[in-house]
Amino acid sequence: MKWERFLKQILSHKLITVIVIMFAVLCSARLTELLMYNPDSADYVIMARGLINDFEYRQIYSPGEPYFTLRPPGMSLLLIPAALIAPYDVIMAKVVVLMTAVGMLVLFYGLMCRLEDSHSDTSFEKTDRIRWPQLLLTLMFATNPYILLYSTLMMSEVPFTACTLAVLFLIARDSKTISKRQLFLLTCLLMFLPLLRTIGISLIMALGLWAITSRKRWPYLISVFCSLAVTGGWMLRNSAYQSVSYSSVLVNEFKKIGVLGMLVSMVNRILSHFEGLCQKFFPGMPGEFPEYERVVLNDNFVLPGHQLIYLLASLILISLAVYGMLKKWERGGAVSFYYLLFTFLILAVWPWLQLRFTLPLLPVLLAFLPSGMTALVASAKPFAVQGKRVLAGGLTLGCVILGITQVLTDYRLVYANQKMISMGESFYETEYPGFNFCNFVAAGNWIENNSEPTDRVLTRRTDTAISSHRFQQAAYLEKLNIEELHHQIQSFSAKYLVCYNRNYVGAFKWYLLDSDPVYRLTPVFSQQGVMVIEVQPNYEGTVRHQYWREDESMEIARRAYEKNPEQLSSQIAYLEQLQAAQKYEEAIELIKDLQKKQIHDVRIACLLGWSYVGVKQYESALVEFKKASLMPNSKLHRSNIQSGYEYAQKQLKRINEPDKKEVERDPAKNLRIAENYWKLARYEHAMKYVQKVFDSQEATDQERDTALLLHARLYLLNGQPDQALAALKQIGDSENEAAATLLTLIQQEQYLNKFFTGQSRSQEFQNQQLDSAKRDSILKLAALYEAEGVPGKALRLLERAHALDPDQTEIRKQLAKYQLFYNMLTQAEENYLILQQVFPDDQEIQDSLAKIEQLKITPHF
């Protein structure tokens, strides 16, 4: 008999070992240097090395290296061993997460076994069976796509979950005394828990509430107080640096929406998080897109039936788990129950609505499921035997069916990853994968090998800094118009822009590659779904026709959608292009088809709202914008939702008040639209409306003159000064100042071009003196270029003048100014140092040299 018990015990150990090995192999097949969440993942990797180098928690990839206060440092502390072995290596860092995932799996199984065992049980009862329920639940947990996904991401969910299970494992002992060793381990875990995730405070509060209710459990309060001290120290440190923290964001959120808005938001958040938790019980549940959808190709599996079925089934499972907690109240059940309540209470007010926040609750609930089912069957004594068999059979069958769907989804996750690795660059050209397959680390490698250490980067992805080792700043390039982009480039002195490549049509205002009059935005790297754009002066001040074509974005979006019709990113990109092409009815029809498939996303809701605005159905637009404001991740799209809602309200009010409705004449309206397009550098659209003014019989002479002025400017942007002069001569108003200024610019440009051409033909081009008249003409033309919005032409002009007469200090000063504007640090510094010798007290020169010194600082990571 003892031998039989021993064999069963060994078999249980071997089966759990097989599950763990299988899980580790699956995770290993998903390891790449791609990072899904931004900026969290890259921050963890970079700042882990920063902790080693400087013993400080700072954003070492940002100028000034500000103290980091938003996310606690626990994850970076955990990654220190990986950072010591292979600094800034994403895969090595993911291996650390994988190791904690394996530990989480073992702790999950161990917790269920410990909850089942009791000192009141005999040794025979404890070991005389194979732990089939625990093994089955462990297998289900290991094959859950969410667990596989987060076990291979550079995020803190899995380490946090492992620590949570370890705490519950320690307090689940069937003993009323606590050893010093257990207390020490518990204290260490609780001190580390809130440093991994701030919401760890919920488990600390739960343990404290449970411990304080019984004198025998007071020793646990030592662990609680130590953990609270660490949390308090972290909060004091953040307040000392007066930087952004979770508490400050929460306070600002409350101020914005008020008490009533906060209450409505709390209810919505609780319901959303409950739905998110249900989806983790049943991956592929109809409704919200699962998070792992982003890393599979066009074959995302959705469970059959209505969403309500799975919500009710999840509610039953949660109820059984809570019942198990009540039955194991003194052995971790109370702490788990309080932890569940406190977590939902905190998530109800948390500013960010992300459904991944409920992932750590999944293994806690599953761990108490066997206890709940056992207690339920035991309480139904007349039906105990038969009911137990039916319940066990039904649950086993359900687990097998759900397990098969989970394994199929796991296969899709691994298949997409391996296909990306095996196909290389052709994967991105033929499969049109989602954004999360794009490798920004590869872009960083190119920048490190092909740029100066002082060069700076604008990108929305922090991953680039891991390998580029350059200062960078977050910039959502896809949202920036030309004016905003110029401001970002100039304020940060950026040399490179990094974004998703051309296949991701909404990732950048692609027409700016050709039509930016200030900068030449030139793609220099485009691989693995990522593009690096070099920022250079536009010396000609003209548009080019090289990188962008009007209908190209629509063609790419349509091909991607036809290839991956079930992929959310493809759906959104295609809808955005339909809206940009003003095909609002087609967009509305497509969105309604998606909604019939129970596909809901805040971005789709926003697009539907704007499409209703496009067809002037403003009441329907208001409804959609309201829905969008209550959806997960709505905070990220708040400005879009708010502007859409306010615009629809304004238009609806104008319709309902016809007496106040203003009728605008067509030529004036067309001119206003043309000028707005001009400001956005959409010159081809601007000229369509200018032509409408020319064709209109109602246009006044002043409106025609304004249209002719825009037409002349377009000729200049296309490098056609003669045609521009012809257009200007047609302007009837001889006192038009803008036309006179533009005419002076063209004439001065032609005059000086002839002068420089003649000088260049002479044998001694350099070291010739410019007379005062020529110098003043050059400086005047440079000022006109800047006023016209083409400073690159001013730079080229001043370079030619300086090469001709290097001793002209005023020209040197203006040249240095434009060189600094275009981040030409070496040339600018050389000129400013020479000027400093001539004008030692000039404050502008001193400020410029100080700025150059700041820009020459390089990151030390």
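See above for the structure.
Summary of the structure given here. (Residues numbered from 1 in each chain as written. Predicted model: local features only at pLDDT ≥ 70, side-chain atom pairs only at ≥ 80, totals over all residues. Heavy atoms only, no water.)

## Thoughts on the packing of helix 10 (residues 180-196) against helix 12 (residues 220-241)
So, point 1. Where helix 10 meets helix 12, the axes come as close as 8 Å, and the angle between the chain directions of the two elements is 25 degrees. By the angle between their axes, helix 10 is roughly parallel relative to helix 12. Between helix 10 and helix 12 lies a crossing whose hand is right-handed. Together, Gln 182, Leu 183, Leu 186, Thr 187, Leu 190, Met 191, Pro 194 and Leu 195 of helix 10 and Tyr 220, Ile 222, Ser 223, Val 224, Cys 226, Ser 227, Val 230 and Thr 231 of helix 12 make up the contact between the two elements.
So, point 2. Tallied by class, the residues present in the contact of helix 10 with helix 12 amount to eleven nonpolar, five polar and no charged. (Axes fitted to C-alpha atoms, helices over the stretch in contact; angles between N-to-C directions. Helix = DSSP H or I, 4+ residues; strand = E, 2+ residues; numbered from the N terminus. Parallel < 35°, antiparallel > 145°, perpendicular 65-115°, else oblique. Left-handed = near helix turned anticlockwise from the far one by under 90°. Contact = heavy atoms within 4.5 Å. Nonpolar A, V, L, I, M, F, W, Y, C, P; charged D, E, K, R; others polar.)

## Notes on the pairing of strand 5 (residues 519-527)
So, point 1. Judged from the eight bridges that link them, strand 5 and strand 6 (residues 530-537) form a sheet pairing that is antiparallel. Bridging across to strand 6, Leu 521 finds its partner in Val 535. (Pairing = 2+ DSSP bridges.)

## Considerations on the side chain of Thr 343
So, point 1. Within the secondary structure layout, Thr 343 lies in helix 15 (residues 333-349).
So, point 2. Taking relative accessible area as the criterion, Thr 343 reaches 2% and is therefore assigned buried.
So, point 3. Apart from the residues within four sequence positions on either side, Thr 343 is in contact with Ile 199, Ser 202 and Leu 361. (Buried < 20%, exposed > 50% of the residue type's maximum accessible area, 1.4 Å probe, protein only.)

## Remarks on the packing of helix 27 (residues 602-614) against helix 28 (residues 618-629)
So, point 1. Here helix 27 crosses helix 28 at 165 degrees, and the two axes come no closer than 8 Å. Looking at the two axes, helix 27 sits roughly antiparallel to helix 28. Where helix 27 crosses over helix 28, the handedness of that crossing is left-handed. Contacts between helix 27 and helix 28 pair Val 602, Ala 605, Cys 606, Leu 608, Gly 609, Trp 610, Tyr 612 and Val 613 from the former with Tyr 618, Ser 620, Ala 621, Glu 624, Phe 625 and Ala 628 from the latter.
So, point 2. Taken together, the residues of the contact of helix 27 with helix 28 sort by class into eleven nonpolar, two polar and one charged.

## Points about the pairing of strand 4 (residues 496-500)
So, point 1. The buried fraction of strand 4 amounts to five of the five residues, a majority that puts the element mostly inside the structure.
So, point 2. In this structure, strand 2 (residues 457-459) lies alongside strand 4, joined through three bridges in parallel fashion. Of the residues in strand 4, the one forming a bridge with Leu 458 is Leu 497.

## A look at the sheet that holds strand 3 (residues 472-474)
The strands making up a sheet associate through backbone hydrogen bonding, with each pair oriented either parallel or antiparallel.
So, point 1. Across the sheet, which stays open at both edges, the five strands sit in the order 3-2-4-6-5 with mixed pairing between neighbours. At either end of the open sheet lies a strand with only one pairing partner, and these are strand 3 and strand 5. Neighbour-to-neighbour, the strand axes of the sheet open up by a mean angle of 25 degrees, direction not taken into account.
So, point 2. Against the sheet, helix 20 (residues 440-450) makes contact with strand 2, strand 4, strand 5 and strand 6, and its axis sits at roughly 160 degrees relative to strand 4, the strand it touches most.

## A short note on the environment of Thr 826
So, point 1. Within the fold, Thr 826 resides in helix 38 (residues 825-838).
So, point 2. By relative accessible area, Thr 826 is classed as exposed at 58%.
So, point 3. In this structure the C-alpha to C-alpha distance between Thr 826 and Phe 68, which are 758 residues apart in sequence, comes to 32 Å.

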